[in-house]
Amino acid sequence: TKLTNSPHYPILQETLNNVFKLQSFRKNQLEAVIACMDGRDVFVLMPTGGGKSLCYQLPAVCSSMLKNQVTIVVTPLLALMADQVTQLRSRFNINAHAWSDSSINFGHLSSGSIPIIYVTPEKLKESGYARSTLRMLAAKSLIGRFVIDEAHCISTWGQDFRDAYASLGELRDLYPDVPIIALTATANQTTVNDIITQLKLHNDVVRLTQSFNRPNLSYTVIEKKSGFKNEIVDALGNRFRNQSGVIYCRARQTCESFAQFLRDKGIRAGHYHAGMEPDDRKQASDDWMEGRVKVIVATIAFGMGIDKADDFGHKDFTATQDMINKDEKTDLESKQRQIAAAKEIYAYARNRSTCRRKQVLHHFEEPFQEEECQKTCDVCKDPLELINEDATDIARAVLKILSHATRQNAHLAQGTIVAALRGSANRDVLQKGADKLEGYSLAKGVDADLIELTIKELMYIEVLQMHSVQNKFSGYHNEYITLGPTAGLFLKELDNKPFVLGWRPK
Ligand code: ADP
Ligand code: ZN
């Protein structure tokens, strides 16, 4: 109610409806636009998709109407800039421009006909022309504000530090009367403070932050095994039958080939990455938005509009590390930062004992109570505990009894294997002759669930295989276990590399 008392509220609401064709403000947007119109410095931390653009585009339009002012938006990527300008022009009929030496001059800018200009930090730094123009505009109070988009790039604490961003601190010295709005989607507390210091924002800066928890998302990490492509096809046909989705990949080439693979399996799939022509990219994203394709296979360019070199995916850590180290365009310090980030992702994928939400929010230094997750992540649904148990001997025993069983043509179910290894002489063991097999009693005294877990993990890496046969008379399915395709190699490696069980169900 206090916000709607602001003298700026009526024009902001009207412009929201009539120019941006939106009904109402989202969280923190009204706070941000009012603070902008009040001429305050503003810091906005909002998750991707939260609606950061409106926080400066709306005041830009209003300041242009009211005071002939231009809003200058510093944004890191040329490609992104072009998209934004095109969108503002075609969707909202806003006379936005990208800063390039030839297309705009002081006359245009001071006439008040251009509400928003986008510029890269590099351009702003190198262009003396820009500087003299800006000085003239500032002298006439025609600059509404500087907007620093992706403001975390100014901080060496962040993962995307950019040299040219560092010089943005000069804006305050050169144009002390022009308010500065900084926006980002990724900054922990340290980075936030650093951004505010580096940009020399005023002490009374309006800080608008919000939780990074997304209650509408659930999180599951599944390890990639050899048949994972078909598993995805299965999941798309069953669990996600009536839904659409995005599959993120690390490499552009993988996006194309995997989308093709899905199409061959009869799934409506498209691909998206920053190496595509803008028209093709737009077509791909429209096709997905409008339901013509069910799945879009994309690099992180999709949704963020950014396609960066440190585009981490699921491939194992060593491959990612290799990729970072090989990149000749990146300096050592950034490489170390990128590797640290990769390690963090890897740890996230491996950690099966801490709520996923808690892990994600920990990255943003935001406390989180696990109960709040309400079992909407794989960890909370199925908690595991870290055991780090050396199961080398158990694995050897399992392989021993199974290789003898194969030679004897005996079909052993998991229960029989476990009982035999523990030296039991129950009916099942005797009936199968398992007490006569090599390896019998080799794991005497070992917990049954530890042997079961070993078998499960060995199946997971295809050292063992599960078979199912239907009994002709009873109709029941009998399951039995045999050696799998990687058993020989695994056994050889076992001499140098212990087999460790990481986790078990709580
Ligand atoms: P961000 O930059 O924070 O990732 P955007 O500014 O690109 O997010 O906005 C994400 C989407 O949300 C856009 O499609 C935008 O049109 C939409 N949006 C923003 N604000 C509102 C609002 N108040 N009401 C409805 N949709 C909104
Ligand atoms: Zn959880």
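All values derive from a computational prediction rather than experimental measurement. (Residues numbered from 1 in each chain as written. Chains lettered and ligands numbered in written order. Predicted model: local features only at pLDDT ≥ 70, side-chain atom pairs only at ≥ 80, totals over all residues.)

## Quick look at the overall build of the protein
Per the secondary structure count, the protein includes 23 helices and 14 strands. The long-range fraction of contacts in the protein, counting pairs at least 24 apart against all pairs at least 6 apart in sequence, stands at 67%. (Helix = DSSP H or I, 4+ residues; strand = E, 2+ residues; numbered from the N terminus. Contact = placed C-beta atoms within 7 Å.)

## Here we look at helix H16 (residues 332–350)
Taking 1.5 Å per residue as the helical rise, H16 with its 19 residues ought to reach 27 Å, and the 27 Å between its terminal C-alpha atoms agrees with that figure. Looking at H16, one finds that the buried residues are Arg-337, Gln-338 and Ala-342. The buried residues of H16 all sit within an arc of 140 degrees when viewed along its axis, so they share a single face. Opposite its buried face, H16 presents the exposed residues Leu-332, Glu-333, Gln-336, Ala-340 and Ala-347, each directed more than 90 degrees away. (Expected span 1.5 Å × (residues − 1). Buried ≥ 20, exposed ≤ 12 C-beta atoms within 10 Å, placed from the backbone. Arc of directions from axis to C-beta.)

## A look at the sheet that holds strand E8 (residues 245–248)
As summarised here, the arrangement of the three strands in space is E8-E10-E9, forming an open sheet in which the pairing is parallel. Edge positions in the open sheet fall to E8 and strand E9 (269–272), since each of these has one partner strand only. Pairs of neighbouring strands in the sheet enclose a mean axial angle of 25 degrees, with direction left out of account. Seen against the sheet, helix H12 (residues 252–264) touches E8, E9 and strand E10 (295–298) and runs at an angle of roughly 175 degrees to E9. (Pairing = 2+ DSSP bridges. Axes fitted to C-alpha atoms, helices over the stretch in contact; angles between N-to-C directions.)

## Focus: the pairing of strand E6 (residues 180–184)
Along any regular strand, the residues point their side chains to alternate faces of the sheet. Within E6, five of the five residues are buried, leaving the element largely enclosed by the surrounding structure. Along E6, one buried face is formed by Ile-180, Ala-182 and Thr-184 and the opposite face, lined by Ile-181 and Leu-183, is buried too. Looking at chain direction, strand E5 (residues 143–148) and E6 are connected through three bridges and run parallel. Bridging across to E6, Phe-146 finds its partner in Ile-180.

## Observations concerning the site of ligand 1
Around ligand 1 lies a shell formed by Leu-22, Phe-25, Arg-26, Gln-29, Met-46, Thr-48, Gly-49, Gly-50, Gly-51, Lys-52, Ser-53 and Leu-54. With three residues, the top contributor of residues to the shell around ligand 1 is helix H3 (residues 52–67). Of the residues contributing to the shell around ligand 1, the split by class is four nonpolar, six polar and two charged. (Near = placed C-beta within 6 Å. Nonpolar A, V, L, I, M, F, W, Y, C, P; charged D, E, K, R; others polar.)

## Some points on the sheet that holds strand E3 (residues 97–98)
Read across the sheet, seven strands follow the order E3-E4-E2-E5-E6-E1-E7 without closing on themselves; strand pairing throughout is parallel. Looking at which strands have only one partner, the edges of the open sheet turn out to be E3 and strand E7 (206–209).

## Notes on unusual backbone geometry
At Glu-150, a position not held by glycine, the phi torsion is positive, near 50 degrees. Residue position: Glu-150 is located in the loop between E5 and helix H8 (163–166). You can call Glu-150 buried: it has 24 C-beta atoms within 10 Å. Not every positive phi belongs to a glycine, and Asn-409 is a case in point at roughly 60 degrees. Here Asn-409 is to be found in the loop between helix H19 (392–407) and helix H20 (414–421).

## So, the pairing of strand E13 (residues 477–483)
Where strand E12 (residues 464–470) meets E13, seven bridges bridge the pair, whose relative direction is antiparallel. Residue pairing in the sheet places Gln-470 in a bridge with His-477 of E13. Hairpin connection of E12 to E13: six residues between the antiparallel strands, including Gly-475 at a positive phi of 85 degrees.

## Focus on the confidence of the model for the protein
Counting all residues, the mean pLDDT for the protein is 87, and 94% of those residues have values of 70 or more. Low pLDDT, under 50, characterises residues 305–310; the predicted model gives this stretch 16 contacts beyond four residues in sequence or across chains. Overall fold confidence (pTM) sits at 0.65, and the ipTM for the predicted complex is 0.98. (pLDDT = per-residue confidence, 0-100.)

## Here's the deal with the environment of Leu-501
Turning to its location among the elements, Leu-501 is positioned in strand E14 (residues 500–505). When the 18 C-beta atoms within 10 Å are taken as the criterion, Leu-501 is described as partly exposed. Setting aside chain neighbours within four positions, we find Leu-501 in contact with Ile-387, Glu-389, Ala-391, Leu-453, Thr-454 and Glu-457.

## Observations concerning the environment of Pro-383
One can find Pro-383 in the loop between helix H18 (378–381) and strand E11 (384–390). Overall, the presence of 16 C-beta atoms within 10 Å leaves Pro-383 in the partly exposed class. Separated by 28 residues in sequence, Pro-383 and Cys-355 place their C-alpha atoms 8.6 Å apart.

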